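Analysis of the macromolecular model
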Amino acid sequence: MPSWLKDAVFYEIYPQSFKDTNEDGIGDINGIIEKLDYIKDLGCNALWINPCYDSPFKDAGYDVRDYKKVAPRYGSNQDLYRLFGEAHNRGIKVLLDLVPGHTSEEHKWFQESKKAEKNEYSNRYVWTNGAFQGIGGHPYIGGEADRDGCYMLNFFKCQPALNYGFLNRTEDWQLPPDHPDCIATREALKDIMRFWLDHGCDGFRVDMADSLVKEDDENKSATGAVWKNIREMMDKDYPEAALVSEWSNPYQSLKSGFHCDFYLDHHGNGYNTLIRDNETPGGDHSFLKKDGHGDIFRFLDDYLPKYDNTKDDGYISFFTCNHDTPRARRTLGYDELKIAYAMFLTLPGVPFIYYGDEIGMRYLEIPTKEGGFARTGSRTPMQWDHSKNMGFSEAPEDILYLPLDPAADAPTVDDQASDENSLYNEVKRLIALRHQYTDLQADGSFEVIFAEKEAFPFVYKRGSLIVAINPSDQEARVSLPESASALFQIGDISLNGKELTMKPQSFVVCK
Ligand code: NOJ
């Protein structure tokens, strides 16, 4: 386990939209370098950068055309190597995004694989034996290549599935996971990882990490075996590099070698019940919404068993939102966001902040861009200040990658930095608090000490500290197990020995 993860607070950067330095309207690596001091000042000590590789951008870069080449619109490989160095000089780690399940249809492996003549890459992707032989249960394309077969897709039409084999085989074109050609796919992935790790990257966020071996068993044991093999390489040669999965099943991912797994907004996950219950009929009952009258057990019943059963294997990662989810600001106001982030930053595991969430950037209802669809509204340019294009770019406004928030009160870093009561300054104080107290960090123990159905506050212990949250619009009272005094608070609380009274929308950490 890389030791730095214990105290890591990540900042996710969508490179298209962070900072443009060459006036083409799209963010770039040099822009990220320019803003490293900002990230450090916020308190984040690690970055996850969405795919920045050469790509036709039909899925915003998750359709990789060349894994070892930075997309020219972001700069060059040299720029990225320089980013690693500049980040390290500031004590910041950098994770790249690894896309192991599919490539772009324009990747050179696929160009070879689709040829009629057999070659080294024929089995790099999943193909049936005939153009009229589809793939039951999986999306596929037929009739597009000279090769007499249909190929499987892993996501969009532009993303053919790489071949790691099939565990439960029913057709003769399905290779077993230990077939030399499937092993070759895994080794090619390791080669890509080594390339970036050798150039100074500190690990990877892994896209659709559970999607490798097809017709896997319910425990994803065969996909897990691929990751265990990769983890062996990491432990041996890159012991300080981190692997973070987009899997959202810590029983499977953390036991397969991942150091962290995201607690995503997947259907049925407790995360939704905290901040985005708005899609359930009958009103928004999110626990962290002030009038949601939410039930903390909808979260705890899901999260606690996951935490208890995997805490010795790795970390569950809470996130403010990401490039695939609506920004939390869509349904929560600033005061609600403060309490929500306070919770995410005081739970165990390794937290992630999505760029712009620290100032409460809005989710915008805008047309799709590069395969974003509903996700596009969370990918708009970072709002730095009130200069041209809100400090994002000097380019003419009409060529910006995506439109800026047109609202007169669109939040900016500049405005919020000078306002002590801003969301930005609250986030900064929360991150500083987490760095100060090891009990609040990834490894600190976690124990629920007060939780009652549809009642507030929610109180938990982190090591020797007690954290109490009252997200509601009602006053809440609780008797703590022992006398304590407040060391950090949001909103109004009073503490008399063991008796804690919390005004609406308040948060406290006591000792
Ligand atoms: C998950 C990524 O987060 C998303 O943005 C992408 O479209 C799909 N995987 C496919 O790679």
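One can find the structure itself at the top, above this paragraph.
An account of the accompanying structure is given in this report. Just so it is clear, the structure is predicted and the values come from calculations on it, not from any experiment.

Reading the values: the criteria
Residues numbered from 1 in each chain as written. Predicted model: local features only at pLDDT ≥ 70, side-chain atom pairs only at ≥ 80, totals over all residues. Heavy atoms only, no water. Helix = DSSP H or I, 4+ residues; strand = E, 2+ residues; numbered from the N terminus. Contact = heavy atoms within 4.5 Å. Polar contact = N/O pair within 3.5 Å; in protein donor to acceptor, adjacent residues only side chain to side chain. Phe/Tyr/Trp six-rings, centres within 6.5 Å; stacked < 30°, edge-to-face > 60°. Buried < 20%, exposed > 50% of the residue type's maximum accessible area, 1.4 Å probe, protein only. Expected span 1.5 Å × (residues − 1). Core = buried A, V, L, I, M, F, W, Y, C linked by side-chain atoms within 4.5 Å. Pairing = 2+ DSSP bridges. Axes fitted to C-alpha atoms, helices over the stretch in contact; angles between N-to-C directions. Near = heavy atom within 4 Å. Nonpolar A, V, L, I, M, F, W, Y, C, P; charged D, E, K, R; others polar.

1. Re the environment of Tyr125
Secondary-structure assignment places Tyr125 in the loop between helix 4 (108-113) and strand 6 (140-141). When the C-alpha positions of Tyr125 and Gly371 are compared, they lie 22 Å apart, and in sequence the two are 246 residues distant. What Tyr125 contacts, discounting residues up to four positions off in sequence, is Thr103, His107, Trp109, Phe110, Ser113, Pro160, Ala161, Leu162 and Asn163. Looking at Tyr125, its side chain comes within polar contact range of the main-chain nitrogen of Phe110, at 3.3 Å.

2. A few points about the packing of aromatic side chains
In total, this model carries 44 aromatic pairs according to the counting rule given. Between Phe57 and Tyr74, the ring centres sit 6.0 Å apart and the planes meet at 90°, which makes this aromatic pair edge-to-face. Placement of the pair is Phe57 in the loop between strand 3 (53-54) and strand 4 (66-70) and Tyr74 in the loop between strand 4 and helix 3 (77-89), with a sequence separation of 17 residues. Of the two residues, Phe57 and Tyr74, neither departs from the other in class, the shared state being buried. Arranged with centres 6.1 Å apart and planes meeting at 90°, the rings of Phe287 and Phe458 form a pair that is edge-to-face.

3. Side note on helix 3
Between the first and last C-alpha of helix 3 there are 19 Å, a value that for 13 residues agrees with the 18 Å anticipated at 1.5 Å per step. In this structure, the buried side of helix 3 is in contact with helix 1 (29-34), helix 2 (36-42), strand 2 (46-49), strand 4, strand 5 (93-98) and helix 5 (180-198). Just past helix 3, the residue Gly91 takes up positive phi, approximately 75°.

4. Points about the nonpolar core
Formed by 143 residues in total, the largest nonpolar core has its most connected members in Tyr11 and Trp196. With residues near it in sequence (within four places) discarded, Trp196 still touches Tyr53, Tyr67, Lys68, Lys69, Val70, Asn77, Leu80, Tyr81, Phe84, Leu96, Cys201 and Phe204. Core analysis: the next-biggest nonpolar cluster, separate from the first, contains eleven residues, Val478, Ile493, Leu500 and Met502 among them.

5. Topic: the sheet that holds strand 18 (residues 493-496)
What the three strands build is an open sheet, ordered 16-19-18; its pairing is antiparallel. Each edge of the sheet is formed by a strand with only one pairing partner; in this case those strands are strand 16 (476-479) and strand 18. Across the sheet, the axes of successive neighbouring strands diverge by a mean angle of 10°, strand direction being ignored. Pairing of strand 16 with strand 19 (residues 499-502), which is carried by four bridges, proceeds in the antiparallel orientation. Across the sheet, the residue bridging to Arg477 is Thr501, located in strand 19.

6. Some points on the environment of Glu482
Within the element layout of this structure, Glu482 appears in the loop between strand 16 and strand 17 (486-490). Note on Glu482: relative accessible area 38%, which makes it partly exposed. Spatially, the C-alpha atoms of Glu482 and Ile466 are 9.8 Å apart, while their sequence positions differ by 16 residues. Residues in contact with Glu482, not counting those within four places in the same chain, are Lys461 and Lys498.

7. Some words on the site of the ligand
Surveying the vicinity of the ligand reveals the residues Asp59, Tyr62, His102, Phe155, Arg205, Asp207, Met208, Glu246, His323, Asp324, Arg375 and Arg379. For the ligand, an oxygen atom lies 3.0 Å from a polar atom in the side chain of His102. Interatomic distance of 3.1 Å between a side-chain N/O atom of Arg205 and an oxygen atom of the ligand. Considered class by class, the residues forming the shell around the ligand number three nonpolar, two polar and seven charged.

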